[in-house]
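What follows is each chain in one-letter form.
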Amino acid sequence: MAFNPLNWLMGMFSLDIGIDLGTANTLVNVRGKGIVINEPSWVAIDKRTRRPLAIGAQAKEMVGRTPTNVVAIRPLRDGVISEFEITQAMLGYFIGKAHQQTIVPMPRPRVVIGIPSGATEVEKRAVFDAAMAAGAREAYLIEEPRAAALGAGLPVSEIHGSMVVDIGGGTTEVAVISMGGIVVSRSLRVAGDELDQDIALYVRNKYNLFIGERMSELIKIQIGSAYPLPVEKTMTIRGRNLVTGLPEAIEISSVEIREAISGSIQVIVDTIKDALDEVPPEIISDLIEGGICMAGGTSQVQGLPDRLSDELKLRVWVAEDPMTCVARGAGLILEDLDLYQQFLVSLDRSGSNR
């Protein structure tokens, strides 16, 4: 890349940023400051001009409540970019927001972004190009399970094997890591979004009640569970009755929601079993000792570690602050780029991310 004096000058005052560009939430980790932004990956745009009107939490508030000329969308689907220009605008907004306390008028930061391990070359290039177009001076990519393992504090550089299961909004990433490399990995496009859809479909089929995305997500967070709870919970949900067309509120229990999401949870369990089937016996003995680490927002579904532990016959534990693991891991990379160079994904066309 040719030397650009303006980039160099702006870069002197810009921050190093690690970004977890998630389907459901985008987290920004600034070197030396920690997580400074944790906002939903939503953008409200004008339908005609496709100009962003609101980004992040403000856009999520508009979901299902917009007038006809405005639509709230998520520019990422299943962990990859589906709307390039809108993702670029969203990244630019978050980079600018992270630099609010600084004096630099045009931030040109170094950026590390987490991507699904199953991303294609085209999908990787799209993330790299969006970051550069959004104002990054240098952009690097890291596979999410590696970033999650780093952020969770697993001994990824040692000979000892570690296993991480990162369940986000759009993808579930399963990886066994040893000596800084991935021994076995699985990327599955079944995660938090699928659970929300399962809940909405269940309520629709059983109660003829039509509920929105936000209500489905709220049900999952409050009473969703993957394993019988010590005390089962209930909550009141609101929606539109499909028979009468009128508003209705009903009470639903955690037992019903467990039944609703059991299919998707089983798919995740089977994927982990499938990955374990390929792990060398020496690493299996390491896993019996160290267990499986869970990261990502959806790993917080009640009873999920118990369910996995029961099915896999291994200790399963949730990382500290699981939602921020990928962003924290991406931020660690920038603290010593030379040391962690092997963790970065190279882009075929250029051979490197520089």
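Each chain carries its own residue numbering, running from 1 in the direction its sequence is written. Only residues with pLDDT of 70 or above have their local features reported here, since the model is predicted, and side-chain atom pairs are shown and tallied only from 80 upward, although totals for entire chains, interfaces and linings are computed over all residues. The basis for the side-chain values is all heavy atoms of the structure; hydrogens and waters are excluded.

### Looking at the overall build of the protein chain
Thinking step 1. Every helix listed is a DSSP run of H or I at least four residues long, and every strand listed is a run of E at least two residues long, numbered separately from the N terminus. Counting its regular elements, the protein chain contains eleven helices and 19 strands.
Thinking step 2. For the protein chain, the C-alpha atoms occupy an extent of roughly 65 × 60 × 35 Å along the three principal directions.
Thinking step 3. Here a residue-residue contact requires only that any non-hydrogen atoms of the pair lie within 4.5 Å. Look at the contacts in the protein chain between residues 6 or more apart in sequence, and 63% of them connect residues 24 or more apart.
Thinking step 4. His is not counted, nor are the chain ends; Lys and Arg add positive charge and Asp and Glu add negative charge. Charge placement uses NZ in Lys and CZ in Arg. For Asp and Glu, CG and CD serve respectively. Distance from the positive charge centre (34 side chains) to the negative charge centre (44 side chains) of the protein chain: 7 Å.

### Things to note about the pattern of salt bridges
A side chain with one charge can pair with a side chain of the opposite charge if their charged atoms come near.
Thinking step 1. Within this document, salt bridges are pairs made up of a side-chain nitrogen of Lys or Arg and a carboxyl oxygen of Asp or Glu, the two lying within 4 Å of each other. This structure, assessed with the given rule, holds 19 salt bridges.
Thinking step 2. Residue Arg214 pairs with Glu61 through a salt bridge whose shortest N-O separation is 3.8 Å. Here the residue Arg214 occupies a position in helix H7 (residues 213–223), and Glu61 occupies one in helix H2 (residues 57–61), the gap between them amounting to 153 residues.
Thinking step 3. Under the relative-accessibility criterion, Arg214 is labelled partly exposed at 30%.
Thinking step 4. Here the term buried applies to any residue with accessible area under 20% of the maximum for its type, exposed to any over 50%, and partly exposed to those in between, with areas from a 1.4 Å probe on protein chains only. Classification of Glu61 by relative accessible area gives partly exposed; the value is 46%.
Thinking step 5. Each of Asp16, Arg31 and Arg110 takes part in salt bridges that share partners, so that together they form one network.

### Thoughts on the nonpolar core
Thinking step 1. Here the nonpolar core consists of buried residues drawn from Ala, Val, Leu, Ile, Met, Phe, Trp, Tyr and Cys, with membership extended through side-chain atoms lying within 4.5 Å. Met163, Ile219, Ile237, Ile272, Leu304 and Leu308 are the most contacted members of the largest nonpolar core, which has 41 residues in total.
Thinking step 2. Broken down by element, the residue count for this core peaks at eight residues, all from helix H8 (residues 254–276).
Thinking step 3. Within the second largest apolar cluster, 35 residues are counted, among which are Ile17, Ala98, Ala126 and Val345.

### Points about the pairing of strand E16 (residues 247–253)
Thinking step 1. Following DSSP output, two strands are said to pair if at least two bridges run between them. The pairing of strand E15 (residues 234–241) with E16 spans seven bridges and is antiparallel. Looking at the pairing, Thr236 lines up with Glu251 of E16.
Thinking step 2. With antiparallel pairing between neighbouring strands as the criterion, E15 and E16 make up a hairpin whose turn holds five residues, including Gly245 at a positive phi of roughly 80°.

### Description of the sheet that holds strand E4 (residues 43–46)
Thinking step 1. Reading across from one edge, E5-E4-E6 is the order of the three strands in this open sheet, with antiparallel pairing throughout. Looking at the sheet topology across the chains shown, the edges are occupied by strand E5 (52–55) and strand E6 (70–73). Neighbour-to-neighbour, the strand axes of this sheet turn through a mean angle of 20°, independent of strand direction.
Thinking step 2. Summarising the sheet, E4 and E5 pair through three bridges and their orientation is antiparallel. In the sheet register, Val43 faces E5, and the bridge partner there is Ile55.
Thinking step 3. Angles here are taken between N-to-C directions and fall from 0 to 180 degrees, while the axes themselves are lines fitted to C-alpha atoms, restricted in helices to the stretch in contact. Running at roughly 50° to E5, helix H3 (residues 84–98) makes contact with E4, E5 and E6 of the sheet.

### A closer look at helix H6 (residues 192–207)
Thinking step 1. Expected helix span is given by 1.5 Å per residue-to-residue step, counting one fewer step than there are residues. Helix length check: H6 (16 residues) gives 22 Å between terminal C-alpha atoms against 22 Å at 1.5 Å per residue, within 8%.
Thinking step 2. Of the surrounding elements, those touching the buried residues of H6 are strand E7 (76–77), strand E14 (209–210), H7, E15, E16 and H8.
Thinking step 3. With its phi angle positive at about 55°, Asn208 sits one or two positions after the end of H6.

### Notes on unusual backbone geometry
Thinking step 1. Unusually for a residue other than glycine, Arg50 sits at a positive phi of about 60°.
Thinking step 2. Along the chain, the position of Arg50 falls in the loop between E4 and E5.
Thinking step 3. The phi dihedral of Asn208 falls on the positive side, at around 55°, and the residue is not glycine.
Thinking step 4. With respect to the helices and strands, Asn208 occurs in the loop between H6 and E14.

### What about the state of the cysteines?
Simply put, the disulfide is a covalent bond whose two ends are the sulfur atoms of two cysteines.
Thinking step 1. Any two cysteine sulfur atoms within 2.5 Å of one another count as a disulfide. All chains considered together, the criterion is met by zero disulfides.
Thinking step 2. Between Cys293, a free cysteine, and Cys325, which holds the nearest cysteine sulfur, the sulfur-to-sulfur gap is 6.1 Å.
Thinking step 3. Classification of Cys293 as buried rests on a relative accessible area of 1%.

What is shown is where atoms sit, not what they do.
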